[in-house]
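One-letter residues, chain by chain:
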Amino acid sequence: MENATVRNEKNAIHFALNHRFVTIFGVVLPLLLFAAFIGYPIVYTIYLSFFKWNGMAKIMRFIGLDNYAYLIHSQEFYLAVLNNIKWMLVSLCFPVSLGFLIAYGMRARIVYFTGLVRSAVFFPVTMSLVAAGLMFLLILNPAFGALNSLLRGVGLGFLVREWFGDYHIAIYTLAVIFGWAFTGLPMIFYYAGIGDIPKETLDAARIEGAGHFKIIRSVALPQLRPVTAVVVLLTIFESLKAFDLVVVLTKGAPFGATNVLGYLIYNESFWNSRFGYGACLSVAVLFLSTIAAAAVLRKVLKGAFDA
Amino acid sequence: MPDNPFRPSANPEAETKYLIAAFISKAIATILALLIAIIWVGPFLLMVVTSLKPNAEFLRGPFAWPLAPNFDAYRKVWAGLDFPTLLGNSVLYSATGAALAVLLALVPAYGLSRFDIPGKKFIFGILLIGLMLPQQTVLIPLYTTLRTLHLLDTKIGLILVHGVYGMPMQILALRGFMTSIPKEIDKAAFIEGASDFQVFWKIILPLSIPGILVSYTLNFIAIWKEFVFSLVFLNNESNFPVTVGMLKLNSDRYMSAFNLPSAGLVISQIPIIILFLILYRKFAGGKLAGAVKG
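Residues numbered from 1 in each chain as written. Chains lettered and ligands numbered in written order. Predicted model: local features only at pLDDT ≥ 70, side-chain atom pairs only at ≥ 80, totals over all residues. Heavy atoms only, no water.

1. Some remarks on the overall build of chain B
Cut-off, in case you're wondering: Helix and strand labels come from DSSP, where a helix needs a run of H or I of at least four residues and a strand needs a run of E of at least two; each type is numbered from the N terminus. Computation of the radius of gyration draws on C-alpha atoms alone. For the globule rule, the value is 2.2 Å times the number of residues to the power 0.38. A simple rule labels every residue: compare its accessible area, found with a 1.4 Å probe on the protein chains alone, to the largest value its type can have, and call it buried under 20%, exposed over 50%, or partly exposed in between. Areas reported here follow the Shrake-Rupley algorithm with a probe of radius 1.4 Å; residue values treat only the protein chains shown as occluding. Counted as positive: Lys and Arg. Counted as negative: Asp and Glu. His and the chain ends are not counted at all. Note that the charge is assigned to NZ on lysines, CZ on arginines, CG on aspartates and CD on glutamates.
Tallying secondary structure elements over chain B gives 14 helices and zero strands in all. Put simply, chain B runs from its N terminus to its C terminus through helices and strands in the order α-α-α-α-α-α-α-α-α-α-α-α-α-α. Relative to its length of 294 residues, chain B is extended, with a C-alpha radius of gyration of 25 Å against a globular reference of 19 Å. By its C-alpha atoms, chain B is 80 × 75 × 30 Å across when sized along the principal axes. Counting every position in chain B, which comprises 294 residues, the buried fraction comes to 54%. On chain B, roughly 13,000 Å² of surface is accessible, and the fraction owed to carbon and sulfur atoms is 70%. Side chains of chain B give 23 positive and 15 negative charges; the mean places of these two sets differ by 2 Å.

2. Description of the interface of chain B and chain A
Test applied: Contacts were defined at the residue level, with two residues in contact if any of their heavy atoms lie within 4.5 Å. Should a side-chain nitrogen of Lys or Arg be within 4 Å of a carboxyl oxygen of Asp or Glu, the pair is scored as a salt bridge. N or O atoms within 3.5 Å of each other form a polar contact, as long as, within protein, one can give a hydrogen and the other can take it, and as long as residues adjacent in sequence are counted only when both atoms are side-chain atoms. Under the convention adopted here, Pro, Cys and the residues Ala, Val, Leu, Ile, Met, Phe, Trp and Tyr are nonpolar, Asp, Glu, Lys and Arg are charged, and Gly plus all remaining residues are polar.
With 105 residues of chain B at the interface, the matching set in chain A holds 112 residues. The interface formed by chain B and chain A holds zero salt bridges in total. Where chain B meets chain A, there are nine residue pairs in polar contact (both at pLDDT 80 or more). Looking at the side of chain B that touches chain A residue by residue, the classes come out as 75 nonpolar, 17 polar and 13 charged.

3. Quick look at the pattern of salt bridges
All names here are of chain B. If you walk through the whole model with that rule in mind, you get six salt bridges over all chains. A salt bridge links Glu-57 to Arg-60; the nearest nitrogen and oxygen atoms lie 3.7 Å apart. According to the relative accessible area criterion, Glu-57 is buried, its value standing at 7%. What makes Arg-60 partly exposed here is its relative accessible area of 43%. Across the pair Asp-186 and Arg-114 runs a salt bridge, and its minimum N-O distance is 2.9 Å. Within this pair, whereas Asp-186 is found in helix H7 (residues 183-191), its partner Arg-114 is found in helix H3 (residues 83-114), the two being separated by 72 residues in sequence.

4. Here we look at the nonpolar core
Worth spelling out the cut-off: For this analysis, a nonpolar core means a set of buried residues of the types Ala, Val, Leu, Ile, Met, Phe, Trp, Tyr and Cys, connected via side-chain atoms within 4.5 Å.
Membership of the largest hydrophobic core comes to 173 residues, with the highest contact counts inside it found for Trp87(A), Tyr110(B) and Phe233(B). Ranked by residues supplied to this core, first place goes to H3(B) with 13 residues. Apart from the residues within four sequence positions on either side, Tyr110(B) is in contact with Phe21(A), Val22(A), Phe115(B), Met178(B), Phe190(B), Asp196(B), Val199(B), Phe200(B) and Ile204(B).

5. Some details on the environment of Leu48(A)
Following the sequence through the fold, Leu48(A) ends up in helix H2 (residues 20-48). In the structure, Leu48(A) is positioned 213 residues away from Leu261(A) in sequence and 18 Å away in space, judged by C-alpha atoms. With sequence-adjacent residues up to four places away left out, Leu48(A) is seen in contact with Trp53(A), Met60(A), Asn67(A), Phe275(A), Gly276(A), Ala279(A) and Ile140(B).

6. Brief notes about the packing of aromatic side chains
Going by this rule: Each Phe, Tyr or Trp ring, with Trp reduced to its six-membered ring, pairs with another whose centre is within 6.5 Å; inter-plane angles below 30 degrees give stacked pairs, above 60 give edge-to-face pairs, and intermediate values give tilted ones.
Per the stated rule, a full pass over the model turns up 39 aromatic pairs over all chains. With a centroid separation of 6.1 Å and 40 degrees between ring planes, the pair formed by Phe243(A) and Phe227(B) is classed as tilted. Of this pair, Phe243(A) sits in the loop between helix H12 (225-240) and helix H13 (244-249) while Phe227(B) sits in the loop between helix H9 (209-225) and helix H10 (228-233), placing the two residues on different chains. Pair check on accessibility: Phe243(A) and Phe227(B) agree, each one buried.

7. Some thoughts on helix H9 (residues 184-196) of chain A
What counts is decided by this rule: In a helix, the anticipated span is given by 1.5 Å times the number of residues less one.
Relative to the 18 Å expected for 13 residues at 1.5 Å per residue, H9(A) spans 19 Å between its end C-alpha atoms, a close match to the ideal helical length. Counted residue by residue, H9(A) has eleven buried out of 13 residues, so it is predominantly covered.

8. Considerations on the packing of helix H5 (residues 114-122) of chain A against helix H1 (residues 12-51) of chain B
Quick note on the threshold: To get an axis, fit a line to the C-alpha atoms, keeping to the stretch in contact for a helix; angles then go from 0 to 180 degrees between the N-to-C directions. Roughly parallel here means an angle under 35 degrees, roughly antiparallel means over 145, roughly perpendicular means 65 to 115, and every remaining angle is called oblique. Whether a crossing is left-handed or right-handed is set by the direction in which the near helix is turned from the far one by less than a right angle, anticlockwise for left-handed and clockwise for right-handed.
At their nearest, the axes of H5(A) and H1(B) sit 8 Å apart, and the two run at 30 degrees to each other. On the basis of their axis angle, the class for H5(A) and H1(B) is roughly parallel. In the crossing of H5(A) with H1(B), the sense of the turn from one axis to the other is left-handed. Judged by residue contacts, Leu116(A), Val117(A), Ala120(A) and Val121(A) of H5(A) engage Ala33(B), Leu34(B), Ile36(B), Ala37(B), Trp40(B) and Val41(B) from H1(B). Among the residues forming the contact of H5(A) with H1(B), the class breakdown is ten nonpolar, no polar and no charged.

9. Description of the environment of Pro210(B)
Considering the arrangement of structural elements, one finds Pro210(B) in helix H9. Sequence separation between Pro210(B) and Phe177(B) is 33 residues; the distance between their C-alpha atoms is 9.0 Å.

10. Some remarks on the confidence of the model for chain B
The condition that has to hold: Predictor confidence is given residue by residue as pLDDT, running from a minimum of 0 to a maximum of 100.
Across chain B, the average pLDDT comes to 85, with 91% of residues at 70 or higher. Both confidence scores are given for the complex: pTM 0.87, ipTM 0.85.

11. With respect to a nonpolar patch on the surface
Definition in use: Like charges within 9 Å and nonpolar side chains (Val, Leu, Ile, Met, Phe, Trp, Tyr) within 5 Å are joined into patches, using only residues over 30% in relative accessible area that form no salt bridge.
Residues Tyr112(A), Phe113(A), Leu116(A), Ile20(B), Phe23(B), Ile24(B), Ile28(B), Leu32(B), Leu35(B) and Ile39(B) make up a contiguous nonpolar surface patch of roughly 1,000 Å² in combined accessible area. Tracing the backbone shows Leu116(A) in helix H5.

12. Brief notes about the confidence of the model for chain A
Residues and elements named next belong to chain A. Put simply, chain A has an average pLDDT of 86, and 94% of its residues get 70 or more. The spread of mean pLDDT over the elements of chain A runs between helix H1 (residues 12-18), the lowest at 80, and helix H8 (residues 170-182), the highest at 94. Here residues 303-307 is a poorly scored stretch, pLDDT under 50, and it has eight contacts once near neighbours within four places are set aside; other chains count.

Pasting the structure below:
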C-alpha cells in the first residue's frame, strides 16, 4: 500500500474521494466559516462603500464614488494616515530593535538574570491595551503622574509635558505605550530564531574574533531574515489596527492629533451613523494593508509558509 | 558554561583575557537589562502600590510608600464595576472562544501537516488574510450579519466571532506542531490500513496535546485582551467583558484619587498573572514563536 503523504493526489476530486474526513472537516467546513465570517464581510464592505446608509434604514442609497471623492478631499483622512504611519515607524524602530537586542543579549549570555528580564519584558504582552492605557493615564497624568514627578525629581523638569494634551507629542506618546506593550513579542520571536541558528556558525564567527556588533550584522541578522519578515509584518498590521489605546486615552483629541484609521472607521460608522463612508474608510485600510503585506511578503517571505 | 555558542575554545591565555572582558561587559549589560526589566514591570508594580493607598495619601506623591495600606479601593471598585460579572464574562468568552477556535482548527491543521491537499497555497493565502485582517474593516458587515441572525448583543454571537477569528492562527500554530511529529509514526499506521480519521484520533491528537495546550492558552489571552468586537457588538452591561467594563474607570467618579483605577486594573490582570505563572516556562521557551514559524 502506498503512503498517503507520498501518493500523487494532484487531482482535487481524487483527493476528496480518498480523504473524505480531511476534506469535509479540514477543508470544506473551515472554508465555509471563513467565507461567512471573513470573506463575505470583506466583500460586503467593498459593496457598501458605494452607498450612503445610516445603518438602520431599509434603503441604502447608491451614490457611486461619492464616498471616495469625499475621502480624497478629507483632511481628517490624511491626518489619520499620517498618524498611522508615525505609529508604524515608532513600532518598527523601538520595540523590534529592542526586542532583538534583548533576545540576542540573552542568547549570547551577555546578561545575567535572563529569565527575570525575559518574563518582565513579556509581561505587558499578556495585558489588555485597555488596562495598559488606564495605567499610563495615571502614570502620565500631567499634575500627579509618576513620570512628570520623576522628571522633576531628577532635575529634568524641562522635559515635563502634557503627554496626552500636547498636539505634537500625543501620537508619539500613544505609539510608545503601544511599543512598550508590544516589545515582548519580537523578543520571543527573535529568542526562538537565534536559538535555531546552528551553533557552529556562531562559534566560527567568534573564533575568528568577530565582536558582537559584527556577529549581529554579518551572521545573526542575515540568518534571521524569515523571522524579521514575520515580525515586521506583524508590527505593520498591529499598527494599522491601532485602536484600543486611542479609545481609552484620547478619543482622537487634541484636535484629531491622535486620530488613527481604526478609530476613524469606528467613529464615522457607529457614532456618526455614516456606514457607507465608514465602509469606504475600511476599503482604504484594506488597500493599505494589502500593499504592506505584498511588499513584505514579496521581498522576504518567499515560501516561508509552504514546505 | 560549556554550551555557550559564543565562547571560543582557544588557547588558555586568550581564554583568561576573554573571561575578564566577558565579565565586565556582562556586568554592564546586566545593569542595562535590569533597567529594562524595571521599565517593563515597574509601572504595574507602581499600580499595585497605588491601589493600596487610602484617598488621603494621594497628594503625598506617586512614589510615596503607603502609610496605612488597605484594600478599601478593591472593595469599592469590585462592587462599583460589578467585577464578578465582568470577570465571569471574560472567562466565559476566552475559555469557550479559544476552545471553539482549537476545535475548528484541529482537522485542518492535521490535513495541512500530513497531506498534499490540492490548493494548499490558496488555503495558506486565505489563512494569512484571516490572520492579518484589521478587525475594524469588517465591523459593519459583521454587525449587520449578527443583527440579522439576532445574535447582536448576545454572548453566543461574540463567542462565535471569537472562535472563527481565532481559527486561522490556531490552524497555523497547530500545523506547525503537528509537522514536528515524526511522519514515520503515522506512516506505519497507514500501511496497517488505518483510515485518516483513525490516524488523527488515535495518533496525532494524543501526541498534539502539549501543542494544543500552548495555543489554547495563547488564544485565551488574546480573547481576554480583545476590545474592538466586544465594544461594538455588545450593548448590555451584563454581557460586557472586563476590557469594555473597565472603560468606566476613566471617569471623574473613579479618577479623583488614583487608588480606584489602579485597583481596577490590577483586578483585571490577576487571572492572566495566575495563568502566566502556571505556564511561564512554556511561553519563555519560545514555543509561541516556534508554533508560528512552523
